[in-house]
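Each chain, written out:
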Amino acid sequence: MSLDVLAGLLDAAQKAGAERADAILVARTSLSVERRLGSTETLERSESRDLGLRVFCGAKSAIVSAGTADPARFAALAERAVAMARVVPDDPYADLCAEAAPPEDASALDLVDPAEPEVGDLIARAEAAEAAALAVTGVTNSEGGSAGFGRTELWLATSAGFAGAFARSSHSVSASVIAGTGTSMQRDYDYHGTVHLADLDAPEKIGHGAGERAVSRLNPIRPKTGRMPVVYDPRVSNSLVGHLSGAINGSSVARGTSFLKDRMGQKLFAAGIFIRDDPRRVRGARSWTFDAEGVPTRPRAFIEDGVLTSWVLDSRSARQLGLRTTGHASRGTAGPPGPSATNLYMAAGSVTPADLMADIAEGIYVTELIGSGINGMTGDYSRGAAGFMIRGGALAEPVAEITIAGNLVDMFAALVPANDLVFRRGTDAPTIRVDGMTVAGG
């Protein structure tokens with residue numbers, strides 16, 4: 001039993017002189033296939049077991065990791081960790097979390113699909129996705145169809161008595177194709193990933209979607225430069241929620257590097273807008289019952305009726321800010337815990353995407369974002385983009401090689417969500433409209 005393995009490692013750490021310690025073991029299995037133009041180009045299977053040990057000597061701490069969980073090496077691993085801890089500077093904020101609690105049964109979250117697909121199943125899915133994309137009129141080449149399966153198991157134990165484990169499976173399918181010829185070629189893709197195979201879109205749907213998207217982008221224009229409404233398609237609107245998540249991350253706030261560091265309790269969005277995190281979502285892409293410090297997870301609203309109500313906190317950032325952890329610690333085996341949201345989403349609005357655009361005489365509908373020109377200190381926003389013109393409230397010709405710019409404070413205050421939220425990516429949002437953005441084109 002892997003928790004017994006971690007108990008042995010913690011015992012070795014205490015014998016080596018550690019006052020407190022925690023240990024994490026992560027086992028991963030993955031199988032993936034990629035097909036291109038009728039041939040299997042990639043077939044990969046990997047299995048790994050990674051071990052991490054964190055020790056505390058007073059206010060000093062250190063982390064060591066290993067690619068094996070061999071008990072014969074635990075004494076040497078623990079001695080190395082303690083020796084490292086004794087020579088590093090004090091960190092008064094790092095420690096085990098006092099709010100850890102015995103883990104709850106995670107079976108109700110339904111995070112494991114017990115059936116592992118055969119290689120032939122993945123080949124068939126990848127082949128079907130690519131074939132459906134190539135069948136779309138106007139598609140001229142393929143970058144491939146792919147399918148994958150993965151399973152992750154994690155065990156966490158601390159010298160304070162916490163011991164817990166969880167597992168999650170994943171299935172995915174994607175396709176990427178090219179439309180047009182010569183200098184007029186355009187590329188696009190589609191992708192879907194789920195915990196259970198039963199929830200995965202048919203590969204034919206993914207492939208057809210990729211082909212249709214690529215063809216729809218042919219012969220783009222560059223609109224004139226000016227200020228106009230920008231509407232974000234759901235596959236890119238989640239980036240705005242991601243920018244908020246980064247700005248309310250406890251580590252950034254504690255360092256003073258967030259443009260929202262002084263905005264707690266203030267209205268950032270219009271009334272009626274909610275941004276929530278739900279680590280207990282059934283079959284959720286990032287669901288778990290306890291975080292990487294053993295703290296029970298709970299659903300939480302970070303934006304409530306437009307108002308910022310909470311930071312995303314682990315125990316270290318919470319201590320720095322004089323607060324309590326929100327149960328959002330995340331970590332790997334080679335680094336300390338840090339705050340990170342789980343199943344984060346913006347709640348759906350009350351209007352359809354068509355109604356959201358109906359009064360736009362001229363604007364931009366964005367389906368792709370390029371680069372990451374975000375200033376975390378000021379909130380200044382500038383990103384390359386592609387998509388479609390909006391004319392008379394409807395989608396028109398494709399656009400490419402444009403830049404959309406603004407400031408996230410102003411963008412948050414102005415945005416309006418549509419009612420088409422679908423949980424698909426881990427961080428999710430419906431179609432979003434933001435007025436008054438600067439569009440730089442031709």
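Nothing here was measured: the structure is a model prediction, and the numbers come from that model.

> Can you walk me through the layout of surface pockets in this structure?
Quantified by volume, the largest pocket comes out at close to 930 Å³. Considering the residues around the largest pocket, the lining is formed by 44 residues, among which Arg-168, Val-195, Gly-284, Ala-285 and Arg-286 are closest to the centre. Taken together, the elements giving at least two residues each to the lining of the largest pocket come down to β1 (20-36), β4 (139-158), β5 (163-179), β6 (186-194) and β11 (329-330). Here the residues of the lining of the largest pocket are counted per class, giving 12 nonpolar, 21 polar and 11 charged. Size it by volume and the second largest pocket reaches roughly 370 Å³. Along the wall of the second largest pocket there are 17 residues; nearest its centre are Asp-190, Tyr-191, Arg-213, Arg-424 and Arg-425. Elements that contribute at least two residues to the lining of the second largest pocket include exactly β6, α4 (203-216) and α5 (234-247). A per-element tally of the lining of the second largest pocket places β6 first, with 5 residues. Residues belonging to the lining of the second largest pocket are distributed by class as follows: 7 nonpolar, 2 polar and 8 charged.

> What am I meant to see in the environment of Gly-17 here?
Its place among the elements puts Gly-17 in the loop between α1 (2-15) and β1. The spatial distance from the C-alpha of Gly-17 to the C-alpha of Ala-83 is 9.1 Å, given a sequence separation of 66 residues.

> What's the story with the pairing of β4 in this structure? I'm lost.
Regular strands show a simple pattern: their side chains alternate between the two faces of the sheet. Direction of pairing for β1 relative to β4: antiparallel, over a ladder of 14 bridges. Opposite Arg-28, over in β4, you have Thr-152 as the bridge partner. Two elements, β4 and β5, share 17 bridges in a ladder whose sense is antiparallel. Along β5, the bridge assignment pairs Trp-155 with Ala-165. As consecutive antiparallel partners, β4 and β5 are separated by 4 residues, and within that stretch Gly-161 has a phi angle of approximately 110°, a positive value.

The rules behind each value
Sequence order as written defines the numbering, with residues in each chain counted from 1. Under the rules for a predicted model, residues below a pLDDT of 70 receive no local features and side-chain atom pairs below 80 are neither given nor counted, while totals for whole chains, interfaces and linings still include all residues. With hydrogens and water excluded, all non-hydrogen atoms of the structure serve as input to the side-chain values. Only protein atoms enter the calculation, which uses a 1 Å grid: trapped sets of points that fit a 1.4 Å probe without letting it out are cavities, open sets showing protein on both sides within 12 Å along at least five of seven lines are pockets, and any residue with an atom within 4 Å of a point is a lining residue. Grid points are joined across faces, edges and corners, and a volume is the space filled by probe spheres set on the points. A run of H or I in DSSP becomes a helix once it reaches four residues, and a run of E becomes a strand once it reaches two; helices and strands are each numbered from the N terminus. Put simply, Ala, Val, Leu, Ile, Met, Phe, Trp, Tyr, Cys and Pro go in the nonpolar bin, Asp, Glu, Lys and Arg in the charged bin, and everything else, Gly too, in the polar bin. When DSSP finds two or more bridges between a pair of strands, those strands are recorded as paired.

Shape descriptors only; they carry no functional weight alone.
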